[in-house]
Amino acid sequence: MRAAEYFDGSFTVTDVSGPPAAGPGQLRIKVAACGICGSDLSMSKDPCRFVSVAAAGGFPLAVFDHTKPIVLGHEYAGTVVECGPGVSDFEVGDRVAGIGVATEAGTGIPTIIGYSNEYHGAFGEFIVVDGFWVRKVPDGLSLEHATLAEPLHVGEMHVQQSGLTEADAALVIGCGSIGLGTILAAKAHGAHTVIAAEPSPKRRELAAKMGADMVVDPNEQDPIELWNSMLMAGRGGGGILIAYESSGRVGTLNTLTHTLPFGSRIQVVASPFGDETIIPVVAQFRQIAINFGHGPYHEAYDTVLKRLADGEIDAEAIITGRVGLDGLGDAFEALRDPEAHVKILVLPGA
């Protein structure tokens, strides 16, 4: 099959062997579109660091041999072309999207497609994934727009885990696709006020479009000082401030523990792969809870997919570019500039 292999800092479009045969409960899907994820950018910047952190953290889903070429991409949508043994919920021709996980037949260990030497990602023509994580795309929703359910559901999941109530306020730090998904989720769950902090004018504009009540450039205005002024004016809503760290910038967590109001919460939605230094007793002094993703959530992906299908999310505003496989290298470089793009889709058939 035709795919873009990543190796030694660059992409090469070539013919590669297809992913393994669809095993029990698995689907083979012809890829229509796939988004470039922030984790793809982190991996391409330093594959060795990416893999070593995953391995040291006991996270086998993202452990692979980085000294060999791989085909990235896991924010996919496409059409079912083969159903493995035991699959009864899908048929050939179904339009689908989902979370890109495949269980390796030999080991029984799940892996994220694209972060595997065996299960190719969706920067190629075909993928094989576990049907458990796949959903049918509702009629009327384009496959390109359906790819956004994967990154946007991360925000929905974390908002549910954070315990947000209608009395609380949300501070979303970083307004890439993950942050935008968090804004959408916080508004949907009735946050009293949603403040978005983002240095990029383009992304601030998108944050407002996605429903943020206040949008600030953190280089010009401290969003926590803004919140404190609201409290002084009696506009706090009676709840607490929950900070959703969605920037993945080293140092942000330490700053938040020092500056958030007493009794606040931090929900870590996006994390850096670099070392982060915090002084734990500061968070303890200030009675600040830090949640890295613990807690129950319910049908986060399905919820966002329905919102997309119902037209509640302006998907086209989030998609800021489309490329074929030959344009992947330039797309990765463009995404490193937050003012240039938010979400670029890769169209393997283009």
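Predicted, not measured: the structure shown is a model, and the values here were computed from it. Residue positions within a chain follow its written sequence, with the count starting from 1. The predicted nature of this model means local features are confined to residues of pLDDT at least 70 and side-chain atom pairs, given and counted, to a pLDDT of 80 or more, with totals for whole chains, interfaces and linings taken over all residues. The basis for the side-chain values is all heavy atoms of the structure; hydrogens and waters are excluded.

A. Region of the structure containing the layout of surface pockets. Any residue with an atom within 4 Å of a point lines the site, the site being either a cavity, points on a 1 Å grid over the protein atoms alone where a 1.4 Å probe fits but cannot get out, or a pocket, an open set with protein on both sides within 12 Å along at least 5 of 7 lines. Grid points are joined across faces, edges and corners, and a volume is the space filled by probe spheres set on the points. Of the volumes computed, that of the second largest pocket is approximately 290 Å³. The wall of the second largest pocket is formed by 15 residues, among which Ile173, Pro218, Pro223, Thr252 and Thr255 lie closest to the centre. Only DSSP runs of H or I reaching four residues or more are called helices, and only runs of E reaching two or more are called strands; each is numbered from the N terminus. Secondary structure elements with two or more residues in the lining of the second largest pocket: strand E10 (169-173), helix H7 (223-232) and helix H8 (252-259). Looking at the lining of the second largest pocket element by element, the count peaks at four residues for H8. Among the residues making up the lining of the second largest pocket, the classes are represented as eight nonpolar, five polar and two charged. Gly falls in the polar group here, along with every residue not listed as nonpolar (Ala, Val, Leu, Ile, Met, Phe, Trp, Tyr, Cys, Pro) or charged (Asp, Glu, Lys, Arg).

B. Local environment of the side chain of Thr182. Within the secondary structure, Thr182 is located in helix H5 (residues 177-188). Relative accessible area decides the class of each residue, using a 1.4 Å probe on protein chains only: under 20% of the type maximum gives buried, over 50% gives exposed, and in between gives partly exposed. Residue classification places Thr182 among the buried positions, given a relative accessible area of 0%.

C. Structural context of the domain arrangement of the protein. Once the domains are mapped, the protein shows domain 1 (2-137 + 314-346) and domain 2 (152-292). Spacing between the C-alpha centres of domain 1 and domain 2 amounts to 29 Å. By definition, the buried area sums, over both parts, the 1.4 Å-probe accessible area that each loses when the two are put together. A combined buried area of about 1,300 Å² lies between domain 1 and domain 2, and 66% of that area is made up of carbon and sulfur atoms. Within this document, salt bridges are pairs made up of a side-chain nitrogen of Lys or Arg and a carboxyl oxygen of Asp or Glu, the two lying within 4 Å of each other. Counting every contact that joins domain 1 to domain 2 gives one salt bridge. Between Arg49 and Asp275 there is a salt bridge, with its nearest N and O atoms 3.2 Å apart. Distance and chemistry together define a polar contact, namely a pair of N or O atoms within 3.5 Å, with one atom able to donate a hydrogen and the other to accept it when in protein, and with adjacent residues in sequence counting only for side-chain atoms on both sides. Across the contact surface, domain 1 and domain 2 share seven residue pairs in polar contact (both at pLDDT 80 or more). Contributing elements (two or more residues each) for the side of domain 1 that touches domain 2: helix H2 (47-56) and helix H11 (315-318). Ranked by the residues each element gives to the side of domain 1 that touches domain 2, the list is headed by H2, at three residues. Residues of the side of domain 1 that touches domain 2, tallied by class, amount to eight nonpolar, three polar and four charged. The split of the chain into domains comes from an automatic or database domain assignment.

D. Main features of a nonpolar patch on the surface. Exposure above 30% relative accessible area and no salt bridge define the residues that can form patches, which grow by joining like charges within 9 Å and nonpolar side chains of Val, Leu, Ile, Met, Phe, Trp and Tyr within 5 Å. Residue burial considers only the protein chains on display, and all accessible areas are found by Shrake-Rupley using a 1.4 Å probe. Among the surface-exposed residues, Ile279, Val281 and Phe285 lie close enough to one another that they form a single nonpolar patch of about 280 Å² accessible area. Of note, Ile279 is situated in the loop between strand E14 (265-268) and helix H9 (280-285). Owing to a relative accessible area of 44%, Ile279 belongs among the partly exposed residues under this scheme.

E. Representation of the side chain of Lys343. Counting through the fold element by element, Lys343 comes out in strand E17 (residues 343-346). We classify Lys343 as buried; its relative accessible area is 1%. With residues up to four places along the chain from it excluded, the contact list for Lys343 reads Gly35, Ile36, Cys37, Glu75, Leu148, Pro151, Ser177, Ile318, Ile319, Thr320 and Gly321. Should any heavy atoms of two residues lie within 4.5 Å, those residues are considered in contact.

F. Representation of H2 in the model. Among the residues of H2, Phe50, Val51 and Ala54 are the ones counted as buried. The arc that holds every buried residue of H2, seen down its axis, measures 90 degrees, which confines them to one face. At the C-terminal side of H2, Gly58 shows a positive phi close to 65 degrees. Arc definition: it is the arc formed by the directions from the helix axis to the C-beta atoms.

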